[in-house]
Every structure is written in structure tokens, then in C-alpha cells.
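Below, each chain spelled out in residue letters.
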Amino acid sequence: MNVKVVELKEYSNDNVGLLVQIILTELLGIFAIISLINSAFMPVFYSIITLTMFSMAYNNAKFYKKKYMTSIYIIIGLFVLVTTITEYLF
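Residues numbered from 1 in each chain as written. Predicted model: local features only at pLDDT ≥ 70, side-chain atom pairs only at ≥ 80, totals over all residues. Heavy atoms only, no water.

1. Side note on helix α2 (residues 42-64)
Right, so step 1: Spanning 23 residues, α2 covers 31 Å between terminal C-alpha atoms, matching the ideal 33 Å at 1.5 Å per step.
Right, so step 2: When we look at burial in α2, the residues that qualify are M42, F45, I48, I49, T50, T52, M53, S55, M56, A57, N59 and N60.
Right, so step 3: Residues of α2 that are buried in the fold lie against α1 (16-37) and α3 (67-88). (Helix = DSSP H or I, 4+ residues; strand = E, 2+ residues; numbered from the N terminus. Expected span 1.5 Å × (residues − 1). Buried < 20%, exposed > 50% of the residue type's maximum accessible area, 1.4 Å probe, protein only. Contact = heavy atoms within 4.5 Å.)

In C-alpha cells form, the structure reads like this:
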């Protein structure tokens, strides 16, 4: 019998960050339209912006190697997070 040995490749999660960024961007568009209709969804919209910024910072650091843009995305994400918390919780 001829038996062929097949090497199994382990799962690589290199593209998970890009997938998360795509999904968050689509959610951002959906909740932007919903927030225009009903303003009760504005905290959700701002939290998705924050998550998108952090995801973009991660992808910049990992894939694109642009260190200056990574820090800009983190600063914008933290700013949106702090303003959302202070506006809607206090």
C-alpha cells in the first residue's frame, strides 16, 4: 500500500485582528444609522468607535509596523472612551 503522510498545519490567528476590524467597521456603520434615528444608541456607537480604534492600533503595530499611527489610534480611542464614560455615566 502507498501511504501518504500529510503534515497538519496548526491554526494561525494572524488574520483575526483584521477580521475583528472589519466586523467592527460594519457594526460602526450600522449603529451610525441607528443612532441617527434613535439617540439612545449613542453610547453603543461610541463604544464601537473605541473598540475600532484599539483594533486599528493593534493591526498597525502587528501588520503595518507604523508606530506613530499606533499611538495616535490609542490616544483617540482613550479620548473617546473617557468622554463617553463621563458623558453617559456621570
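2. As for the packing of aromatic side chains
Right, so step 1: Scanning all chains against the criterion turns up 3 aromatic pairs.
Right, so step 2: Aromatic side chains F31 and F41 sit 6.1 Å apart centroid to centroid with 50° between the ring planes, which places their arrangement in the tilted category. Within this pair, whereas F31 is found in helix α1, its partner F41 is found in the loop between α1 and α2, the two being separated by 10 residues in sequence.
Right, so step 3: On the accessibility criterion, F31 (17% relative accessible area) is buried.
Right, so step 4: Between F45 and Y46, the ring centres sit 5.8 Å apart and the planes meet at 50°, which makes this aromatic pair tilted.
Right, so step 5: Judged by its relative accessible area of 15%, F45 is buried.
Right, so step 6: Put simply, the rings of F45, Y46 and Y88 pair up and form one aromatic cluster. (Phe/Tyr/Trp six-rings, centres within 6.5 Å; stacked < 30°, edge-to-face > 60°.)

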